[in-house]
Amino acid sequence: MLPQSELVSSPTRERRYRKSNPAQMVPKRRFSGALLDRGARLAPMAEPPRSSGHHLLATFVHRPGTSQTSMDNPSRSERSRKAALTAALTIIARDGPGRLTLDAIARESGLSKGGLMHQFPNKEAVLKALLEQQFLHFDEFASRYRAGAGKAADQPELATQIAISRELIAQQYSVAQAMLGALAQEPGLLADARAKDAERVAEIRGEADDADLAVLRWAAARGLALMTMLRVSPLEQPDLDRLFARLLDDQQWTAFRQAGTTGER
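Right, let's walk through the structure included here. Given the structure is predicted, the values throughout are model-derived calculations rather than measurements. (Residues numbered from 1 in each chain as written. Predicted model: local features only at pLDDT ≥ 70, side-chain atom pairs only at ≥ 80, totals over all residues. Heavy atoms only, no water.)

1. Observations concerning the packing of helix 8 (residues 156–170) against helix 11 (residues 211–229)
The criterion, for reference: The angle between two axes is taken between their N-to-C directions and runs from 0 to 180 degrees, where each axis is a line fitted to C-alpha atoms and a helix contributes only its stretch in contact. What counts as a helix is a DSSP run of H or I of at least four residues, what counts as a strand is a run of E of at least two, and both are numbered from the N terminus. Roughly parallel refers to an angle under 35 degrees, roughly antiparallel to one over 145, roughly perpendicular to one between 65 and 115, and oblique to any angle outside these ranges. Working rule for contacts: check all heavy atoms of both residues, and any pair within 4.5 Å makes them a contact. Under the grouping applied here, Gly and all other residues not named as nonpolar or charged are polar, the nonpolar ones being Ala, Val, Leu, Ile, Met, Phe, Trp, Tyr, Cys and Pro and the charged ones Asp, Glu, Lys and Arg.
Axis separation between helix 8 and helix 11 bottoms out at 8 Å; the angle between their running directions is 5°. Accordingly, the angle class assigned to the pair helix 8 and helix 11 is roughly parallel. On the side of helix 8, the interface is formed by L158, Q161, I162, S165, L168 and I169, while helix 11 contributes A214, R217, W218, A221, R222, L224, A225, T228 and M229. Across the contact of helix 8 with helix 11, the residue classes break down as 10 nonpolar, 3 polar and 2 charged.

2. Details of the nonpolar core
Note the cut-off: Within this scheme, the nonpolar core is defined by two criteria: the residues are buried Ala, Val, Leu, Ile, Met, Phe, Trp, Tyr or Cys, and they are joined through side-chain atoms within 4.5 Å. The classification of residues rests on relative accessible area computed with a 1.4 Å probe and restricted to protein chains. Under 20% of the type maximum is buried, over 50% is exposed, and intermediate values are partly exposed.
Counting 28 residues, the largest nonpolar core has L158, I162, W218, F244 and L247 as the members making the most contacts within it. Those elements that provide at least two residues to this core are helix 7 (123–147), helix 8, helix 10 (190–207), helix 11 and helix 12 (237–248). Setting aside residues up to four positions removed in sequence, W218 forms contacts with L158, Q161, D197, V201 and I204. By size, the runner-up hydrophobic cluster in this structure holds 22 residues, among which are L85, A104, A129 and L131.

3. What about the side chain of D210?
To keep things clear, this is the line we draw: For the purposes of these results, a polar contact is taken to be a pair of N or O atoms within 3.5 Å, where, inside protein, one atom must be able to donate a hydrogen and its partner to accept one; residues adjacent in sequence count only when each atom of the pair is a side-chain atom.
Tracing the sequence through the fold places D210 in the loop between helix 10 and helix 11. A residue is classified by how much of its surface remains accessible, and D210, at 8% relative accessible area, is buried. Of note is the side chain of D210, whose polar atom sits 3.1 Å from the backbone nitrogen of L213.

4. A look at the pattern of salt bridges
To be explicit about the condition: Basic side-chain nitrogens of Lys or Arg form a salt bridge, by our definition, when they fall within 4 Å of a carboxyl oxygen of Asp or Glu.
Tallied over the entire structure, the rule returns 11 salt bridges. Of the charged contacts, one joins R200 and E203 as a salt bridge, the two residues approaching to 3.7 Å between their closest N and O atoms. Within this pair, R200 and its partner E203 are both found in helix 10, separated by 3 residues, close to a single helical turn. Here E203 falls in the partly exposed class, since its relative accessible area comes to 38%. The partner of D239 in a salt bridge is R242, with the nearest N and O atoms 3.2 Å apart. Placement of the pair is D239 and R242 together in helix 12, with a separation of 3 residues, close to one helical turn. Taking the relative accessible area as the measure of exposure, D239 reaches 23% and is therefore partly exposed.

Printed below as a string of structure tokens:
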């Protein structure tokens, strides 16, 4: 074999060498502006260092207090559930209840359709979960109110329910208004809400000297809330604040009480 220097410097010798040794030579290639001979013998590449396996093993070793896999982590499931419900409320408030679909929730929340359906198999399940979430919120609000301002009221359950109606107005552009529109799409879900209201009205009647007057005050507060949520109320916020304050003040209603109406329907 001719030396590499002679092979490259003499075109004639190079051609002769290629004819007599076709298997050992490869056509030249131009790479980054340099003329290189791929037939030249290359030094063997250094073998990459072997991993001790420690780093790979550390990736899969379960540490106390952490989950082995994401599917075993209940907090991830809860986060997915909350993300889906938050997305549902956003869609209802922004686009209207008619646009609430599982596909829309998946897009809004960033969850996969399969992951979403693992939590909620259909739209009704989403609405039911939203309603339960609302019940829980207002139950917690009621407990806090009873433990605070409600203690000073002559009729604590009535005062609590009037305060809840006022809280509904405070949420009119978010949860409460969204739920009102959504439930209109699924009237069957309103049965739970009616049942809870019936329980509350029974408690209001039971604690009142004038049951009808107490229910009238409750209904007035609920009406103010619903009109405001539907955006058909002509009243401004200062008017609402003043009227709710009067509904909550037992002394404002003493003169209207009628004897002998306790617990009557």
